[in-house]
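Coordinate inspection notes
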Amino acid sequence: MNGGPVNGGPDPAVDIENLLRAEAPQVLGALVRRFGRFDTAEDAVQEALLAASGTWPAEGVPEDPRSWLIRIGYRRMVDLLRSEQARRRREREVGMAELAMGETDRRAGRPQETDDSLTLLLLCCHPALSHTSQVALTLRAVGGLTTAEIAHAYGTSEATMGTRISRAKQQLTRAGAHFTAPTAADRPGRLVAAMRVLYLIFNEGYTASTGDELARVDLTGEAIRLTRTLAATMPDDGEVTGLLALMLLTESRRAARTGDDGGLLPLDEQDRTRWNGDLISEGTELIDKVWHRGGTGPYQLQAAIAALHAAAAAPRHTDWPQIAMLYLWLERLTPTAPVRLSRVVAVAQAFGPVRGLALLDDLNRRHGLDQDPLTRQRERAVRAHLVQMTGDTAGATAMYREAATLTGNQVERRYLLDEADRLT
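We now turn to the structure provided with this report. (Residues numbered from 1 in each chain as written. Predicted model: local features only at pLDDT ≥ 70, side-chain atom pairs only at ≥ 80, totals over all residues. Heavy atoms only, no water.)

1. Comments concerning the nonpolar core
The condition that has to hold: The term nonpolar core refers to a set of buried residues drawn from Ala, Val, Leu, Ile, Met, Phe, Trp, Tyr and Cys, joined through side-chain atoms within 4.5 Å. The cut-offs for exposure are 20% and 50% of the maximum accessible area for each residue type, with area from a 1.4 Å probe on protein chains only; residues under the lower value are buried, those over the upper are exposed, and the others partly exposed.
By size, the foremost hydrophobic cluster in this structure holds 84 residues, and its most contacted members are Leu28, Leu31, Phe38, Trp56, Leu69, Leu137 and Leu230. Within the second largest apolar cluster, 39 residues are counted, among which are Ala304, Tyr327, Leu330 and Leu341.

2. A word on the packing of aromatic side chains
Within a pair of aromatic rings, the relevant descriptors are the distance that separates the centres and the angle that separates the planes. Rule in force here: The rule is short: rings of Phe, Tyr and Trp, with Trp giving its six-membered ring, pair when the centres are within 6.5 Å, and they are stacked under 30 degrees, edge-to-face over 60, tilted in between. Counting from the N terminus, the helices are DSSP H or I runs at least four residues long and the strands are E runs at least two residues long. A ring has a charge above it when a Lys NZ or an Arg CZ is no more than 6 Å from the ring centre and no more than 35 degrees off the ring normal.
For the structure on display, the rule yields four aromatic pairs. With a centroid separation of 5.4 Å and 65 degrees between ring planes, the pair formed by Tyr199 and Tyr299 is classed as edge-to-face. With Tyr199 in helix α9 (residues 187-206) and Tyr299 in helix α13 (residues 298-311), this pair connects stretches of sequence that are 100 residues apart. Taking 5.9 Å as the distance between ring centres and 65 degrees as the angle between the ring planes, the aromatic pair formed by Trp291 and Trp329 counts as edge-to-face. Residue Trp291 is found in helix α12 (residues 277-291), and its partner Trp329 is found in helix α14 (residues 320-333); the two are separated by 38 residues along the sequence. Trp291 gets classed as partly exposed once you look at its relative accessible area, which sits at 22%. A cation sits over an aromatic face here: Arg253 above Trp275, 6.0 Å from the ring centre. Over the aromatic face of Tyr206 sits the side chain of Arg257, whose NZ or CZ is 3.7 Å from the ring centroid.

3. Regarding the state of the cysteines
What counts is decided by this rule: Two cysteine sulfur atoms form a disulfide, by the criterion used here, when they sit within 2.5 Å.
Tallied over the full model, the rule gives zero disulfides. With no disulfide partner, Cys124 has as its closest neighbouring cysteine sulfur the one in Cys125, 6.5 Å distant. With relative accessibility at 0%, the residue Cys124 sits in the buried group. The class of Cys125 is buried, set by a relative accessible area of 1%.

4. Some remarks on the packing of helix α11 (residues 238-251) against α13
This is how it is decided: For helices, the fitted line uses only the C-alpha atoms of the stretch in contact; every axis is such a line through C-alpha atoms, and the angle between N-to-C directions lies from 0 to 180 degrees. Note: crossing handedness is left-handed where the near helix turns anticlockwise from the far helix by less than a right angle, and right-handed where it turns clockwise. Here a residue-residue contact requires only that any non-hydrogen atoms of the pair lie within 4.5 Å. Each residue is assigned to one class: nonpolar for Ala, Val, Leu, Ile, Met, Phe, Trp, Tyr, Cys and Pro, charged for Asp, Glu, Lys and Arg, and polar for all the others, Gly among them.
Their axes nearest at 8 Å, the elements α11 and α13 cross at an angle of 30 degrees. In this structure, α11 crosses over α13, and the sense of that crossing is left-handed. Contact with α11, carried on its side by Gly238, Glu239, Gly242, Leu243, Ala245, Leu246 and Leu249, involves Pro298, Tyr299, Gln300, Gln302, Ala303, Ala306, Ala307 and Ala310 of α13 and no other residues of that element. Of the residues that constitute the contact of α11 with α13, the class distribution is ten nonpolar, four polar and one charged.

5. With respect to α14
To keep things clear, this is the line we draw: Multiplying one less than the number of residues by 1.5 Å gives the expected span of a helix. Picture the helix axis, draw a direction to every C-beta atom, and the arc is the one those directions span. A 3.5 Å cut-off defines polar contacts: any pair of N or O atoms within that distance qualifies, except that in protein one atom must be a possible hydrogen donor and the other a possible acceptor, and neighbouring residues in sequence count only when both atoms are side-chain atoms.
End to end, α14 covers 20 Å across 14 residues, agreeing with the expected 20 Å (1.5 Å per residue, within 8%). Along α14, the positions that sit buried rather than exposed are Trp320, Ile323, Ala324, Leu326, Tyr327, Leu330 and Glu331. Considered in projection along α14, the buried side chains sweep an arc of 165 degrees and stay on one side of the axis. Elements in contact with the buried residues of α14: α12, α13, α15 (337-351) and α16 (353-367). Backbone nitrogen of Gln322 and a side-chain oxygen of the N-cap are separated by 3.2 Å at the start of α14; the cap is Asp319.

See the structure below:
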């Protein structure tokens, strides 16, 4: 070991877990840069993290934890390369690895003072991968989540998720992807993909698609951590800043989204004193900083909407007309089903349920929100609420029950069924 234990807080085990999660992408970047083998390096990093988890709690965290992890990862890389079936290729790569370890100026001692998180994130968002594979690989390689954790978040088996991640790494190899920064021409598209991946991770955590919990704090926390890293690397990018602001402002409401019984509370029923003021202040400051720079993008618009909600001390003070206008602007930039449905809600709140239902019917005719996989369930829930606002309790009851059958989240299902029962 390089030194004694680091002074810990009240829970040293949590401190070590957070340290390992933060160092994992840096260690992976160092190994991929040296060996050029993403799939094998990722396995080696997992072995190094396991070794640290078993050693550090008893012996203390080394003075230079990253160097310690890289050194263990190097050794595991050599072992993995040696075990490959292709003998000729195996011997060549092992020889190169041993040479790298043997040369004084290439030993895995103190690593370069560089942050590999951005390069690694952009590699995981390679265009050769599907959106689902990009998300899974990012959570595993950059976020440090285990395959089991990722599988649980997406309601699938560990074996299925492991296969998906393995295939994604193989696709990167076949595509000739290297651990290098994207070219100037490729970088904008890769950055857009990276932001989309982080946004998807956050949304899955904020309202889990399956399970007994409304939210997955591990996923929202990881999305915010990775987006902070991205924003620190690109402080002048307005959309990256907007994405971080959006996450912080949205996350600020998490504690108030459920009642004492664990039941779902809609926005207008939440105790706003439970909203996180620090996150609101930080998110609002971030969006204010970039709002007037020009070139406003979708994440900045969504952050501005979230800031308007956060600024309202009570539901009646919410500036719904401005929110409806911002959603119209957002729809023109990103004409997706979720954005269109959110505009329906804002229009109904600003101008009444009849106008909201008319807009919803029009959007269904033109864009099929009631059939789109992204909005099929929520369209029923929104319609139920608007129909209820018109006084049609029978119609609202039927629609709440239909919406309940379409969600895999048990907290949301219970809320919808309770609403239906309350009206009967």
